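# Architecture at a glance
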Amino acid sequence: MTYYQLLMSPDKELGIKTLNNVAVNYFELGLCDLSYQIWDELYHGIQGSLENYSSLLPVISCNMGNALRQSGYYEEAYRVLMQGLKRCFDTGAVYAMPELILQLSILSMKLGSLEEANSLYALGKNIFGWCRQPAVNQSMEELMKQNFLLYCTEDMASH
């Protein structure tokens, strides 16, 4: 089954989630360009879709932003991550919020906004503690080396 067939399947939401998870696996195997291509297609496809898959955009944005950040495309990564964070608030889908905020803190530092970076880092650390994750005990420098990749799970609400 091709990517296009998965996106055109009767259960389009399942296709989007499956493609995201395949892209995460590709990224972890070092196939970063291929995973980025999938996330880019999903990201633009969700934004241009008349169907309501907006709640999946934060996860896709988190993964795509991670790939861009790791490749040194900081400004584009910042834009994609901000779009994902906005969709968290628009849709109430907060699953990806901690990872989005911590990546934005890293990018703020890379882009020279130390005050914003420190504020986002503090917020991100607290949100991780309130959500599904254990507390963040790494320094900003340690976080810069970390990947923030999310799988789409079956229990994620899409609407």
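Just above sits the structure.
Description of the structure in this document. Because the structure is a prediction, the values reported are computed rather than measured.

## Examining the overall build of the protein
When helices and strands are tallied, the protein shows eight helices and zero strands. Reading the secondary structure of the protein in the N-to-C direction produces α-α-α-α-α-α-α-α. Considering the protein as a whole, with its 159 residues, one finds that 47% of them fall into the buried category. With the model as given, the accessible surface of the protein reaches about 8200 Å², and the carbon-plus-sulfur share is 54%.

## Points about the packing of aromatic side chains
Inspection of every chain in the model, using the stated rule, returns one aromatic pair. With 6.0 Å between their ring centres and 45° between their planes, Phe27 and Trp39 make a pair best called tilted. In this pair, Phe27 is assigned in helix H2 (residues 12-28) and Trp39 in helix H3 (residues 32-48), connecting sequence segments 12 residues apart. Note on Phe27: relative accessible area 9%, which makes it buried.

## Some remarks on the side chain of Asn66
Positionally, Asn66 belongs in helix H4 (residues 57-70). Side-chain polar atoms of Asn66 contact the backbone nitrogen of Phe148, separated by 2.9 Å. For Asn66, the contacting residues outside a window of four places in its chain are Phe27, Gln103, Gln146, Asn147, Phe148 and Leu149.

## Section: H2
Here H2 is 17 residues long and its end C-alpha atoms lie 24 Å apart, about the 24 Å a rise of 1.5 Å per residue gives. Among the residues making up H2, those that are buried are Lys12, Glu13, Gly15, Ile16, Lys17, Leu19, Asn20, Asn21, Ala23, Val24 and Phe27. One or two steps after H2, the chain reaches Gly30, where phi turns positive at roughly 90°.

## Regarding the nonpolar core
Within the largest apolar cluster, 42 residues are counted, with the highest numbers of intra-cluster contacts made by Trp39, Leu42, Ile46 and Leu100. Within the residue set of this core, elements represented by two or more residues are H2, H3, H4, helix H5 (74-91), helix H6 (97-110), helix H7 (114-130) and helix H8 (140-144). When sequence neighbours within four positions are dropped, the list of residues in contact with Ile46 reads Ile16, Tyr53, Ser54, Leu56, Leu57 and Ile60.

## So, the packing of H2 against H4
Close contact between H2 and H4 brings their axes to 11 Å; oriented N to C, the two are set at 25°. Comparing the axis directions of H2 and H4 gives the class roughly parallel. At the point where H2 passes H4, the crossing takes the left-handed sense. For the pair H2 and H4, the contacting residues are Asn20, Val24 and Phe27 in the first and Val59, Ile60, Asn63, Asn66, Ala67 and Gln70 in the second. Residue composition of the contact of H2 with H4, by class: five nonpolar, four polar and no charged.

## As for the environment of Glu99
Position of Glu99 relative to the elements: it lies in helix H6. Note: C-alpha distance between Glu99 and Asn66 (33 residues apart in sequence) is 9.4 Å.

## A closer look at H4
Compared with an ideal rise of 1.5 Å per residue, which puts 14 residues at 20 Å, H4 spans 19 Å between its outermost C-alpha atoms and is within 8% of the ideal. With respect to burial, H4 is a largely interior element, 13 of its 14 residues being buried. Backbone geometry just downstream of H4 places Gly72 in the positive-phi region, at approximately 90°.

## Topic: the pattern of salt bridges
Using the criterion set out here, one finds two salt bridges in the structure. As a salt-bridge pair, Lys17 and Glu13 come within 3.0 Å of each other at their nearest N and O atoms. Taken together, the residues Lys17 and Glu13, both in helix H2 and four residues apart, mark about one turn of the helix.

Definitions and limits used
- Residues numbered from 1 in each chain as written.
- Predicted model: local features only at pLDDT ≥ 70, side-chain atom pairs only at ≥ 80, totals over all residues.
- Heavy atoms only, no water.
- Helix = DSSP H or I, 4+ residues; strand = E, 2+ residues; numbered from the N terminus.
- Buried < 20%, exposed > 50% of the residue type's maximum accessible area, 1.4 Å probe, protein only.
- Areas by Shrake-Rupley, 256 points an atom, 1.4 Å probe, with all protein chains shown as cover.
- Phe/Tyr/Trp six-rings, centres within 6.5 Å; stacked < 30°, edge-to-face > 60°.
- Polar contact = N/O pair within 3.5 Å; in protein donor to acceptor, adjacent residues only side chain to side chain.
- Contact = heavy atoms within 4.5 Å.
- Expected span 1.5 Å × (residues − 1).
- Core = buried A, V, L, I, M, F, W, Y, C linked by side-chain atoms within 4.5 Å.
- Axes fitted to C-alpha atoms, helices over the stretch in contact; angles between N-to-C directions.
- Parallel < 35°, antiparallel > 145°, perpendicular 65-115°, else oblique.
- Left-handed = near helix turned anticlockwise from the far one by under 90°.
- Nonpolar A, V, L, I, M, F, W, Y, C, P; charged D, E, K, R; others polar.
- Salt bridge = Lys/Arg side-chain N within 4 Å of Asp/Glu carboxyl O.

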